[in-house]
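Each chain is listed here by its residues.
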Amino acid sequence: MFIVLLTYIKPLEVVDEYLQSHVEYLKEQYKNNNFIASGRKVPREGGVILSRLDSKEKLEEVLSQDPFNIAGLAKYEIVEFIPSMTSKEFENLKE
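Quantities reported herein were computed from a predicted structural model and do not represent experimental measurements.

The subject of this paragraph is the overall build of the protein. Helices and strands together make up the secondary structure of the protein, namely four helices and four strands. Reading the protein from its N terminus to its C terminus gives the helix and strand order β-α-α-β-β-α-α-β. For 95 residues, the compact-globule estimate of 2.2 N^0.38 gives 12 Å, and the C-alpha radius of gyration of the protein, at 14 Å, lies within 12% of that figure. Considering only C-alpha atoms, the protein reaches an extent of 40 × 25 × 20 Å along its principal axes. With 95 residues in all, the protein has 32% of them scored as buried. Considering only intrachain contacts with a sequence separation of at least 6, the fraction spanning at least 24 residues in the protein is 66%. Where the 12 positive side-chain charges of the protein centre and where its 16 negative ones centre are 3 Å apart.

Here it is, written out as structure tokens:
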């Protein structure tokens, strides 16, 4: 499993110009079962994506298609981890 931390490197006014295309991109990734959760950071300085893709290389390829990435609006930090303990509702996340 991967946590992707996006941090905006451009002003929010510029980010907002690409927001709709980013949302469409996210919807496509959910449809393709590449992402399992996403949302904005608080305060709004970026976002977080959870992915169950099976390799960092595949995830990097998927992230390269994000309009935020293409436009150079955010930097991406990828953290890989193995869930070993969860609440009952999220047991399907354990490997």
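Our next topic: the UniProt feature "domain: YCII-related" (unreviewed entry) in the protein. Listed under "domain: YCII-related" (unreviewed entry) in the UniProt record, and renumbered for this structure, are residues 1–81. Across residues 1–81, the secondary structure splits into 38% helix and 32% strand, with the terminal C-alpha atoms separated by 6 Å.

Parameters at a glance
- Residues numbered from 1 in each chain as written.
- Predicted model: local features only at pLDDT ≥ 70, side-chain atom pairs only at ≥ 80, totals over all residues.
- Heavy atoms only, no water.
- Helix = DSSP H or I, 4+ residues; strand = E, 2+ residues; numbered from the N terminus.
- Rg over C-alpha atoms; globule rule 2.2 N^0.38 Å.
- Buried < 20%, exposed > 50% of the residue type's maximum accessible area, 1.4 Å probe, protein only.
- Contact = heavy atoms within 4.5 Å.
- Lys, Arg positive; Asp, Glu negative; His and termini not counted.
- Charge placed at Lys NZ, Arg CZ, Asp CG, Glu CD.
- UniProt positions renumbered as here; feature names shortened; annotations may be inferred.

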